[in-house]
Structures are given as C-alpha cells and as structure tokens.
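Chain by chain, the residues run as shown.
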Amino acid sequence: MSELIQVEVRDDVTVISLTNPPVNALSQAVCRAVFSAVEDAARADDVCAIIITGAGKTFSGGADISEFGSLQQSTSDSEFPIHSMINGIENCSKPVIAAIHGNALGGGLETAIGCHYRIAVADARVGFPEVNLGLIPGAMGTQRLPRLCGLPKAAEICASGEMIPARVAHELGIIDRITDGDLLDDAHEYARELVGMGDAPRKTSEITDRLGDIAENAIALEQLRKVVSKRARGQESPFRCIEAVEAAGQGSFEDGSQNEFRIFAECLQSTQSQGLIHAFFGERAVSKVPGITKDTPRRPVDSAAVIGAGTMGGGITMAYVNAGIPVIIKEVSQEQLEKGIERIRQTYGISVKRGRMAEADVDRKMTMITGTTDYARISDADIIVEAAFEGMDLKKQIFGELDRIAKPGAILASNTSTLDIDAIAAVTGRPESVIGHHFFSPANVMKLLEMVRGKETADDVIATSMDLAKRLRKVGVLVGNCFGFVGNRMFWPYQREAQFVLEEGATVAQVDNAHLQFGMAMGPHAVSDLSGIDVFWRINQEIKDTIPIGMRQPLVSDRLYELGHYGQKIGAGWYRYEGRNAIPDPEVQQLIESCAAEAGIARRDVSDEEIIERTMFSMANEGALILQEGIAMRSVDIDIVYLYGYGFPAWRGGPMKYADTVGLKKVYDRICYYREAHGFWWEPAPLLRELAESGGTFSGWSAS
Ligand code: 3H9
C-alpha cells in the first residue's frame, strides 16, 4: 500500500482514501497508486463496489501544480497518469462512488465525475479553478462536465473558476446525493443500494442526453464570451475553456478529449499560465517570513482603534468589523466623526442594495463601531491604526499621543503610504510596537496589506500582523522601510514616465488605453484622478528636498493641482467626469502642450510600445534596487504587492515576473538606451545589470 493513499475493505466495499496533505493534490504518484488500487478492487471477488474519498479536511485540490513544469513538454495524454487513473475508474466493472467533503477542485472534480456516482456533504464545494492558473481542465473535465449539467453551464463553470456549493452542484446534476450525516457511512449505504438494485457502473462519458442542441449552445456560448470579455483584461484561458467545452457538443467524447488535451498543452506552455502559477505560489510564499515561525509569540488582537474617520479610516474600520473585531474611531471633531460613521453605514447600505448583505447584518456591524474625540477612550485597544493625512508632522504628533495613552503591549500601526516608519516610531518610547499597515483604497475591498517593518519592530508584532492580515482577509506582504516602501516607491517612476510621455507627445487617453491593453485594471492617469491629484501633490511636498539636482520633474500635475483639478472627487483631474465617466479634457491637453512648449520639449508621436516600456521598465528597475537594498525579501513579494494593490494583470505574474518574461537582457539594454536618450534617472540598477549579464532572472535570484 502506498503512503499517498489508504485502502481499506469495509464489509464488501473498498474505500480508497487520498492521503496527500494538505490538499490531497493528485501528484503523478498519487494517480498511479489510485489506478492500481482500483484495479486490485476490480479483481477482488469479495468486493462489490469502490468508494474514493479524501483523508483529512478535503477531497482533493486538484492535480499537483508543482509538477506542471515537468509536464510542459509532454506530447500525449498518455504521459499524464491522471488520465489513466480517471479512465481506469470509469472503465471499472464495479460501481465507483466519489465521497466528497471540503473541496473537489480541478483534477479532483475530474476524478469525481470520472466516478460513476457522487455523494457530498452539504458544505463541500466543487469547481474548475484551472482558469485562474491560465489553464483549462485538462483531464477530460471539459468533456464530462457538460454531459452532467449541459454545455452552457459547464462552460460558465470552467471559464469562471468559481467554487460551487454542493447543493447547487446537486441541483445542476453534478452531484447525485447530498448527505447531512456521516459521509462514509452514507456512501457505503449508497453503494449497497446501487449494488442491490443491480445498477451497473454509469459512465459519464457515455451520457449524451444533456449535451443539447449545437445551434442553441452556440448562441449561449457567444453570450458567455461577451460576459467573459468584460472581465478578462487580456487573459486567454477563459476563452480557451469555452472553446474546449464547445467541442463536447460537436463530436465524440474521444475527439473532444483530444481537442482538450491540445488546448491544455498550449495553455501550459503559455507565459500567461506561467505568470498565474507564479502568482498562485507567490500569494502563499509571501505569508512565510524568514525568522517568524508558528512558535513566535503573538499579541492578542480582540479590539481595535482607528485614528481618522476619512475614506481610509472608514475602510479600515469596515475591514476590522467584517473580521469580527470591534473598532473605536477617534476623530478631532464630533462632526467629522459622525460624518465618517454615516459614510460607513452608507457603504454597507450599498452592499444591502446589491443583495450582498442583510439589513440586520448592517445593524449588527454598526453596533461594533463606536466613536470618540478623546484619546483617553482608545487606551484599551489591542491595536491602534493611524489613518490620518499623509504628513510627517501630523503623524509624529499622533504617535506622541498614542505613546502617552495606549496600554502596554498595544500595537501601534500607521497607515502611511510613503513616510519613514522609523521616524514615526522614534517619537514613541516603544518603537518595537510600531509597524506600518499600509491599506489600499477602498480598504474594505482591496486585498493588499503592505506591512512595513521598522528597524526596531519586534518579531511578535510582525507575527501578529501577518496573522491579522489573514483574519482581515488580506494578503499581507512584509516589506522594509524607505520612501513609498515597495508599492509607492515603484509607482513613482511609473507615474513619472506616464507623465513624461504626455509632455513628449502622447495623450492622456492614449497612455491610459495602452495600459488597459497591457492588462492593467486602470490607466495611470485614471488612477491619479481616483486617488486624488492633491494627495500626490501633498506627498511630493514631503519629498521635494530629496530629489536629485538636475532630475527631470513632471510639469503638469502640479499645475492641475493649482487649478483645483483634484481628480474624480471634484469632477475634474486629468479627465473631466460625468458621474464616473472619464472624458478626455481638451483644456488639459492644451495645458500639457503649453507646459511642454515652455520647457522646450519637442512633441512627437510616441508609440504604445514606448509608453509601456517606459512605465514598466522604469518600475522594474526600481524593483531591482528595492531587492538589492533588501526592502523586499524576494521578487515575488514585489509581484504580489502589484497584483493585489495596483491592478497589475495577474496573468503577467507581476512587474518583476513580467521583466523576467521579456528577458532581463532586453530590459537592461532598453534602460541603457533610455538613459542615453533622457538622463541619469534611467541608470540601470546594479542587480539588473548583473542578472542581465549572467542570464539570470529576478524570480530565480535570492539575496544570500
Ligand atoms: C489541475 O487540476 C489540472 C487538471 O485539470 C489537469 C491536469 C493534467 N497542487 O491555499 P492553501 C498547496 S490544476 C499543489 O494555503 P487553503 C499550496 O501551495 C489544479 N499544491 O490552503 C499550499 O502549500 P504551502 C487545479 C497545492 O486551505 C498548501 O497546499 N486546482 C495545490 O487556504 C495549502 O494551500 C486549483 O487550482 C495543488 N493543486 O485552500 C486549486 N493546491 O503550504 C488550487 C494547494 O507549501 N488550490 N496546494 O504554501 C486552492 O485553491 C487552495 O489551495 C485550496 C485550499 C482551496 C485547495
């Protein structure tokens, strides 16, 4: 018996349990073991049925993603043991029943629908998340699923990657029976019933009555393609999923499976799937901080205080309350406090209108929020998160107060997006308790939490913060202290180049569209308008003395600030706004041209390719500096910051992975070219030069 599975014969039923923790991934070895256990059971005279289940918390999280690298060159599905296993199960002469709890995802669901019957506990979930890895279900899932629930639904499940609750899957015909009792007992009973009734194995691949009509399917799939186009942002896998499912209605199961294998193999070799798999493992890697273990002590966080009831403070409050942690908000005036709390209620109200929350939930959450204008009232909070305006003097004054009133052991977190966390910590007598918790707006929605470690931040504060990120349903990334940390430090050259190309001849809409085409959630100018041109101006005031002499500075954004074009909130920024609709503004275009003329900048046609090179390569170059300075521990930390905080397309893997994909030699050469063409601020980072010369990658680089 293999260690990767356990086989037990209970009465006359063989139970094969996957025992490959933590998620029972179907590695090649697991698949081979299951295949041979099924063969053994099929041969055994004293066995009348087989149950396949997962040991531990789950059925299976799918094929083992870490093995995909070695499968990239495979040219035949026979090289995939998962195919042999599933076909072996389906061809077994005795009924095979999948008993599902936890998740049956990807290859896990493909295995389950390769079984003849399926029983699941009510809170189990099934789905095909391959699309989120840039892939399609590749073990005949795109051919079996439509035979159970019809083509349009199957295509939607594959293209969305959503996890479907077992009860819904039952209604759709994917699961045969739901149990509220003991899964294995009920699976046994089911097996015995099937055998008693003489029900022969039912092969999903031979079901045809749900495949529907070709013409009707084509209309439904066309509709689905339109829906998918709206959110795909350049990602190909959702369309490839639909293409594979469509074939199920057009030919035999075998032809459809061959077609699926071809598409799967193409996806597996694509840079998109490499980017998304990098993001999958990256999201998990960032939670592992060297030196912080499960034995590192934690501080309790059962209550929080938030300083400031503005947009950020309100969003942070909601993030805490949504995680079940009560919050007391401190504001300077009663009026601002009430305004802020009312805004929170209104935001929850929008969720109610959209059907995402019940009115009673809002009332319950609102009772967890209290307010004060008195520092003394927040002294008992386990954590205090400062979310005031971005100004060092103000932050220092607040942290001085916090040091005076906060109880010993309280964590003092600043939501600063750029400022020196050590300078803030230095005004307290407890710098070890101070840390940056940089939330992204809207803080109740955005998944990134950039955690800034000061030079004296204690390990237990870091460990508590990383755990807290998970409780708040955020992806916490620990970074070092410098201007802008990882995210905004790299955003500065990105924004700078986005403005320089305007001065040189591009238009605001061209720059933003080039970025949307690249896959960014928003263009750089739309982001400025959303964040507030006044916010950028204020940060620029903080750093203006640190800008090297002779360095070119953007000319237009300060002028927009002076004209009161603060962005979307007042209906005018880089664009004019009608509601949320951004409309190119001819006056802004004139302003850009006159600024360029005053500075003697000759205008020319700037290609989209140059726009992307200049924003992306300048950002990657800054990322290289951040890496060599140790501000980010690994390039994947930078990538995850950008995927979850800045709308970088996940299928590109992040800015550092994107540079790796382009090739660091090319990135380096182009940066050298721009240095000659523009100036010293394009100086390539030494680490980039080193990797370009040695043929290395950021992903493969480590500090040691
Ligand atoms: C597929 O099936 C292709 C087939 O169609 C065709 C093949 C030919 N493989 O997320 P967690 C690791 S593609 C390898 O923290 P949770 C994960 O890296 C697959 N490793 O747990 C982590 O490792 P570590 C389709 C995997 O409870 C640990 O398990 N399936 C896999 O929060 C715990 O993970 C998917 O895309 C895997 N398949 O969430 C599902 N899955 O501890 C991907 C997880 O070293 N997985 N690991 O950091 C998930 O969505 C979540 O992990 C899951 C559990 C919901 C299952």
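Residues numbered from 1 in each chain as written. Predicted model: local features only at pLDDT ≥ 70, side-chain atom pairs only at ≥ 80, totals over all residues. Heavy atoms only, no water.

Right, let's talk about the site of the ligand for a bit. Near the ligand, the surroundings consist of 28 residues, among which Gly107, Glu110, Glu130, Arg284 and Lys288 are the closest. Between an oxygen atom of the ligand and a side-chain N or O atom of glutamate 110, the distance comes to 2.8 Å. Contact between the ligand and lysine 288: an oxygen atom at 2.5 Å from a side-chain N or O atom of the residue. For the ligand, the accessible surface in isolation is 1,000 Å², of which the surrounding protein chains cover 74%. Of all the secondary structure elements, the ones that give two or more residues to the shell around the ligand are strand E5 (103–105), helix H4 (107–114) and helix H12 (271–285). The dominant element in the shell around the ligand, judged by the number of residues it contributes, is H12, at three residues. By residue class, the composition of the shell around the ligand is 17 nonpolar, six polar and five charged. (Near = heavy atom within 4 Å. Polar contact = N/O pair within 3.5 Å; in protein donor to acceptor, adjacent residues only side chain to side chain. Areas by Shrake-Rupley, 256 points an atom, 1.4 Å probe, with all protein chains shown as cover. Helix = DSSP H or I, 4+ residues; strand = E, 2+ residues; numbered from the N terminus. Nonpolar A, V, L, I, M, F, W, Y, C, P; charged D, E, K, R; others polar.)

So, about the pairing of strand E11 (residues 327–330). Both faces of E11 are covered, namely the face carrying Val327 and Ile329 and the face carrying Ile328 and Lys330. Relative to E11, strand E10 (residues 304–307) is paired through four bridges, and the arrangement is parallel. In the strand pairing of E11, isoleucine 307 is matched with lysine 330. In the classification by handedness, the crossover that spans E10, the intervening helix H13 (residues 311–322) and the parallel E11 is right-handed. Note that E11 and strand E12 (residues 369–372) share four bridges and pair parallel. Bridge pairing links isoleucine 328 to threonine 370 in E12. (Buried < 20%, exposed > 50% of the residue type's maximum accessible area, 1.4 Å probe, protein only. Pairing = 2+ DSSP bridges. Right-handed = clockwise from strand over helix to strand, strands pointing away.)

Counting residues in hydrophobic clusters, the biggest one holds 100 residues, and the most contacted among them are Ile384, Leu402, Trp574, Met616 and Phe698. Considering every element that reaches this core, the biggest residue donor is helix H25 (residues 608–628), with nine residues. Both domains that meet at this core, namely domain 2 (304–479) and domain 3 (487–694), each give it at least three residues. For methionine 616, the contacting residues outside a window of four places in its chain are Tyr494, His515, Phe518, Met520, Phe648 and Tyr658. Of all hydrophobic cores here, the second largest spans 89 residues; its members include Ala49, Phe80, Cys115 and Ala154. (Core = buried A, V, L, I, M, F, W, Y, C linked by side-chain atoms within 4.5 Å. Domains from an automatic or database assignment. Contact = heavy atoms within 4.5 Å.)

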